Amino acid sequence: MDSFLPLLTLLCLKDFCDGVLITQWPKYIASLPGSSVEMHCYQNDTNYDYKYWYRQIKGEIVLVGSYIVTSSSNEKGFENGFEVSSTEKKKWTLKVNVKEGIDAVYLCAASLHSE
Ligand SMILES: *[C@@H]1O[C@H](CO)[C@@H](O)[C@H](O)[C@H]1NC(C)=O
């Protein structure tokens, strides 16, 4: 039942980060609906307070949620099934409840200030 197997594809955003090194893993996740998956980003050389997760589908990139200083928030449309967390300052995580149609490229970003 291949059509029931969403593929979450992750892509490193480090080349877009203007000199900031961000390491993202894993590169790919394949998981069945009903499970949950986690993906991580790590800012190797910085300690930025503004940490983001984006989702790209068909070239369109939208913000899923953020972790700013000490609290996470989800954007409209991503209230359910998406959870941003950050247990250590340099690292942040997106947990996604896998369901059909959720396959996408997920990207992260970090910044010193808002936007
Ligand atoms: C950046 O940090 C990650 C996570 O600790 C590590 O796996 C990676 O090797 C580091 N990259 C560099 C270039 O130091």
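Residues numbered from 1 in each chain as written. Predicted model: local features only at pLDDT ≥ 70, side-chain atom pairs only at ≥ 80, totals over all residues. Heavy atoms only, no water.

Participant: Could you give me a rundown of the site of the ligand, with the residues and numbers involved?
Facilitator: Close to the ligand lie Leu 21, Thr 23, Tyr 42 and Asn 44. In the environment of the ligand, an oxygen atom lies 2.4 Å from a nitrogen or oxygen atom belonging to the side chain of Asn 44. Coverage of the ligand by the protein amounts to 38% of the 360 Å² it exposes when considered alone. Here the shell around the ligand is composed, by residue class, of 2 nonpolar, 2 polar and no charged. (Near = heavy atom within 4 Å. Polar contact = N/O pair within 3.5 Å; in protein donor to acceptor, adjacent residues only side chain to side chain. Areas by Shrake-Rupley, 256 points an atom, 1.4 Å probe, with all protein chains shown as cover. Nonpolar A, V, L, I, M, F, W, Y, C, P; charged D, E, K, R; others polar.)

Participant: Residues and numbers for the side chain of Lys 90, please.
Facilitator: Within the element layout of this structure, Lys 90 appears in the loop between strand 8 (82-88) and strand 9 (91-97). Only 3.2 Å separates the side chain of Lys 90 from the backbone oxygen of Asn 44, close enough to count as a polar contact. When neighbours within four sequence positions are excluded, Lys 90 is seen to be in contact with Cys 41, Tyr 42, Gln 43, Asn 44, Asp 45, Thr 46 and Asn 47. (Helix = DSSP H or I, 4+ residues; strand = E, 2+ residues; numbered from the N terminus. Contact = heavy atoms within 4.5 Å.)

Participant: Which residues make up the pairing of strand 4 (residues 36-43), and what values do they have?
Facilitator: Summarising the sheet, strand 2 (residues 22-25) and strand 4 pair through 4 bridges and their orientation is antiparallel. Within the sheet, the bridge partner assigned to Ile 22 lies in strand 4 and is Gln 43. Pairing of strand 4 with strand 9, which is carried by 7 bridges, proceeds in the antiparallel orientation. Bridge pairing links Glu 38 to Lys 95 in strand 9. (Pairing = 2+ DSSP bridges.)

Participant: How would you sum up the sheet that holds strand 8? Please name residues and give values.
Facilitator: Strand order in this open sheet of 4 strands is 2-4-9-8, and the pairing throughout is antiparallel. For this open sheet the edge positions go to strand 2 and strand 8, each flanked by a neighbour on one side alone. The average undirected angle you get between the axes of adjacent strands in this sheet is 20°. (Axes fitted to C-alpha atoms, helices over the stretch in contact; angles between N-to-C directions.)

Participant: Summarise the confidence of the model for the chain; cite the residues concerned and give the values.
Facilitator: The predicted model of the chain averages 86 in pLDDT, with 83% of residues at 70 or higher. Strand 9 holds the highest mean pLDDT among the elements of the chain, 98, whereas strand 1 (residues 7-10) holds the lowest, 42. (pLDDT = per-residue confidence, 0-100.)

Participant: Describe in detail the packing of aromatic side chains, supporting the description with residues and values.
Facilitator: The relative placement of two aromatic rings is captured by the distance of their centres and the angle of their planes. Enumeration over the complete set of coordinates arrives at 2 aromatic pairs. Aromatic side chains Tyr 52 and Tyr 54 sit 6.2 Å apart centroid to centroid with 40° between the ring planes, which places their arrangement in the tilted category. Ring centres of Phe 78 and Phe 82 lie 5.1 Å apart, and the angle between their planes is 80°; on these two criteria the pair is classed as edge-to-face. Residue class for Phe 78 comes out buried when judged on its relative accessible area of 8%. In this structure Phe 82 comes out as buried when scored by relative accessible area, which is 9%. (Phe/Tyr/Trp six-rings, centres within 6.5 Å; stacked < 30°, edge-to-face > 60°. Buried < 20%, exposed > 50% of the residue type's maximum accessible area, 1.4 Å probe, protein only.)

Participant: An account of the pattern of salt bridges is requested, with residue identities and associated values reported.
Facilitator: Tallied over the full model, the rule gives 1 salt bridge. Residue Asp 49 pairs with Lys 89 through a salt bridge whose shortest N-O separation is 3.1 Å. Of this pair, Asp 49 sits in the loop between strand 4 and strand 5 (50-57) while Lys 89 sits in the loop between strand 8 and strand 9, and the two are 40 residues apart along the sequence. You can call Asp 49 partly exposed: its relative accessible area is 25%. Overall, Lys 89 belongs to the partly exposed group, its relative accessible area being 40%. (Salt bridge = Lys/Arg side-chain N within 4 Å of Asp/Glu carboxyl O.)

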